[in-house]
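The residues making up each chain are set out below.
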Amino acid sequence: MLQILSKEFKSFLNSLIAYVVIGVFLVGMGLLAWVFPETSILDSGYADMFTLFSVAPFVFIFLVPAITMRSFAEERKSGTMEMLLTKPLSDWDIILGKFLASFLLVLFALLPTIVYYFSIYSLGNPIGNIDTSGVIGSYIGLILLAAIFCAVGIFASSITPNQIVAFVCAAFLCFIFFTGFDSLASLNFFSANALFIKQFGITYHYDSLSKGLIDSRDVLYFLSVIFVMLSITKLILGSRQW
Amino acid sequence: MSLQIQHVTKQYDQQKAVDDISFNVQEGEIVGFLGPNGAGKSTTMKMATCFLPPTSGDVIVAGFNVMENPMEVKKVTGYLPEHNPLYLDLYVHEYLEFIGGLYGIGGKVLKSRVGEMIERCGLTREQNKKIESLSKGYRQRIGLAQALLHDPKVLILDEPTSGLDPNQLIEIRKLIKEVSKNKTVIFSTHIMQEVQAICDRVVVINKGKIVADDSLQNLLQRSDAGVSVMVEFEGNVEANELSVLKGVIRVQEVSKGKFSVVAASGVDIRPELFRFAADKNLSLVGLKQEEASLESIFRDLTIVSTSIENEL
């Protein structure tokens, strides 16, 4: 698994993918958080990181599928899948290696935004006037959300040899998971089960974590979605044996 | 016994890609796996490398069944797939180190193995280039290097020499022959000279069935059953005019006025053909008895069995 992880990560670095993803994410977030007046933290009057945590998921909806779309799709198209599957590796080695590599890349993109916290910390009036536990909770939520998106992306990439199809499917699924269930729950038709449906979506658990209260149920939700997505991927990968 | 294929069948929907084939390959043996396109060569190899499961039958590699012990099988086999898939965005040595890592080779051993393979496969000058910038011949060498990297007991090569220039061809053949001393090697090809150059034994497969499994010598002797003569006339000649000649078994029109005539063994039909031309007042512009080569055996084996099947 570690070999796959390091190889995948090397491919990200050898190609432009890593630099473009990290660069675009940081420039975009920087502009939104500090420059554009509508969303700028400096103009908002509140010493919080709401901008980052509310916009980042939407950026991830497009960015994460872009990272993961090639993982299995390209492997299938170029035939390297055959090479990989005839090496002494279990399917889980391959899936987890690829999943962790893309997750690691997203983490690297997210890491520099910690600077935002320290900036706001020292800009606050009085200094240090920021909800630290809220920020920590939000970061955990955002990281788990990125992990779900990676798992969804890996799954979408395994269903097709076409990268564009993989990208579109992954972006759509991420969108459904992030806001789709929430919006569905608000339909009149579902009013009786609104809360139940809401709990299928990421937003419900993400918001709960961002309050700074790290509830094991929320964390469990994230982990189980990741597990289910990767298990389906394993099933698809194993279907060659049928 | 290192590679045993026992009554293996692979069915894709309606079509049987491989139909109840059995053969063995011993340690130290190089076996050429021949057959026309779509005969089932690659499918058989994919089953022997655990990429595809056989529909029925057993494939046993170095004592391990591919269905029961795939991990063990994968560890002892080196496999070069047909289209030689590579990660184009990696550097040559980086790619080989990655492959070595998959086999659990690490540290200094890995470095020295990779260095050795790079040298043996003639990649020294290319080792710091990205694979995408290399030509087909070099990529083929990388494919071979990755198959040999972990010193496998069983080597399965699917068309290892396709796309190579004549010089590279000879080098790669030499390399295969060199490394095969204490290994079990099976490789598929449709280049007959190659088989002649390196194989001990030939397995010919056609339409999913084995049509020949014998040593080269025996196959060459067997082909004496028929002698093929290439004859070319200037003027109009019909194939059936030739087929009534004495001793002729089969006539095939190659192009206009050019025929491949097969006669019973021991009969020289060249004088007969000459007299035929003289009688009809035709100019005989070509007359050549073909040496019984693997190529003609291959053609006989695969075309004959195809025509039988069509008649059924």
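Since we're looking at a predicted model, the values are computed, not measured. (Residues numbered from 1 in each chain as written. Chains lettered and ligands numbered in written order. Predicted model: local features only at pLDDT ≥ 70, side-chain atom pairs only at ≥ 80, totals over all residues.)

With that settled, consider the overall build of chain A. Tallying secondary structure elements over chain A gives 13 helices and 0 strands in all. Each helix and strand of chain A, ordered N terminal to C terminal, gives the series α-α-α-α-α-α-α-α-α-α-α-α-α. Here the C-alpha radius of gyration of chain A, 19 Å, is about what a compact globule of 242 residues would show, namely 18 Å. A burial count over chain A gives 40% of its 242 residues as buried. A separation threshold of at least 6 residues defines the contact pool for chain A, and within that pool the share at least 24 residues apart is 77%. (Helix = DSSP H or I, 4+ residues; strand = E, 2+ residues; numbered from the N terminus. Rg over C-alpha atoms; globule rule 2.2 N^0.38 Å. Buried ≥ 20, exposed ≤ 12 C-beta atoms within 10 Å, placed from the backbone. Contact = placed C-beta atoms within 7 Å.)

On the chain A side, the residues contacting the 21 residues of chain B number 18 residues. With 4 residues, the top contributor of residues to the side of chain B that touches chain A is helix α3 (residues 92-102) of chain B. Taken together, the residues that form the side of chain B that touches chain A break down as 14 nonpolar, 3 polar and 4 charged. (Nonpolar A, V, L, I, M, F, W, Y, C, P; charged D, E, K, R; others polar.)

All names here are of chain A. In the contact formed by helix α4 (residues 50-68) and helix α10 (residues 163-185), the axes pass within 9 Å of each other and the chain directions differ by 150°. Relative to α10, the element α4 lies roughly antiparallel. Relative to α10, the crossing made by α4 is right-handed. Along its contact with α4, which presents P57, I61, F62, V64, P65, A66 and T68, the element α10 presents F167, A170, A171, C174, F175 and F178. Classifying every residue of the contact of α4 with α10 by side-chain character gives 12 nonpolar, 1 polar and no charged. (Axes fitted to C-alpha atoms, helices over the stretch in contact; angles between N-to-C directions. Parallel < 35°, antiparallel > 145°, perpendicular 65-115°, else oblique. Left-handed = near helix turned anticlockwise from the far one by under 90°.)

In this section: the sheet that holds strand β2 (residues 15-25) of chain B. Within a sheet, neighbouring strands are paired by backbone hydrogen bonds and run either parallel or antiparallel to one another. All names here are of chain B. A sheet is described by the order of its strands in space; here 4 strands give the open sequence β2-β1-β4-β5, paired in antiparallel fashion. The outermost strands of the open sheet, each flanked by one partner alone, are β2 and β5 (64-65). One ladder, built from 5 bridges, connects strand β1 (residues 3-12) with strand β4 (residues 56-61); its direction is antiparallel. Residue pairing across strands places I5 opposite V59, the latter belonging to β4. (Pairing = 2+ DSSP bridges.)

Right, let's get into the pairing of strand β13 (residues 258-264) of chain B. Looking along a regular strand, one sees side chains alternate from face to face of the sheet. All names here are of chain B. Two elements, strand β12 (residues 248-255) and β13, share 6 bridges in a ladder whose sense is antiparallel. From the neighbouring strand, Q252 faces β13, where its bridge partner is S260. As consecutive antiparallel partners, β12 and β13 are separated by 2 residues, and within that stretch G257 has a phi angle of approximately 80°, a positive value.

It is worth spelling out unusual backbone geometry at this point. Omega for the peptide link from A:N125 to A:P126 comes to 0°, which places this bond in the cis form. Looking at where A:P126 falls in the secondary structure, it is placed in the loop between α8 (114-123) and α9 (132-158). Although it is not a glycine, B:H7 adopts a positive phi angle of roughly 50°. Structurally, B:H7 is set in strand β1. Since 12 C-beta atoms lie within 10 Å of it, B:H7 is described here as exposed. For B:D151, which is not glycine, the phi torsion reads 55° and is therefore positive.

Residue and element names in this part refer to chain B. Spatial strand order, β6-β7-β8-β3-β9-β10: 6 strands in an open sheet with mixed pairing. Across the chains shown, the open sheet's two edge strands, defined by having one partner strand only, are β6 (77-80) and β10 (209-215). The mean angle between the axes of side-by-side strands here comes to 15°, regardless of whether they run parallel or antiparallel. Taken strand by strand, helix α1 (residues 41-48) contacts β3 (30-34), β7 (154-158), β8 (184-189) and β9 (201-206), and its axis lies near 150° from that of β7.

This brings us to the nonpolar core. Looking at soluble globular proteins, one finds that nonpolar side chains tend to be buried together. Counting 135 residues, the largest nonpolar core has A:A146, A:I148, A:A151 and A:V152 as the members making the most contacts within it. Looking at this core, the element that brings in the most residues is α9(A), giving 14 residues. With residues up to four places along the chain from it excluded, the contact list for A:A146 reads A:F60, A:V64, A:F103, A:V106 and A:L110. Counting 11 residues, the second-largest nonpolar core is a separate cluster that includes B:F233, B:F259, B:V262 and B:L273. (Core = buried A, V, L, I, M, F, W, Y, C linked by C-beta atoms within 7 Å.)

Time to look at helix α5 (residues 136-148) of chain B. Residues and elements named next belong to chain B. Taking 1.5 Å per residue as the helical rise, α5 with its 13 residues ought to reach 18 Å, and the 18 Å between its terminal C-alpha atoms agrees with that figure. With 10 of 13 residues buried, α5 lies mostly within the body of the structure. Of all the residues in α5, the buried ones are Y138, Q140, R141, I142, G143, L144, A145, Q146, A147 and L148. Here the buried face of α5 lies against β6, α3, α4 (107-120), β7 and α6 (166-179). (Expected span 1.5 Å × (residues − 1).)

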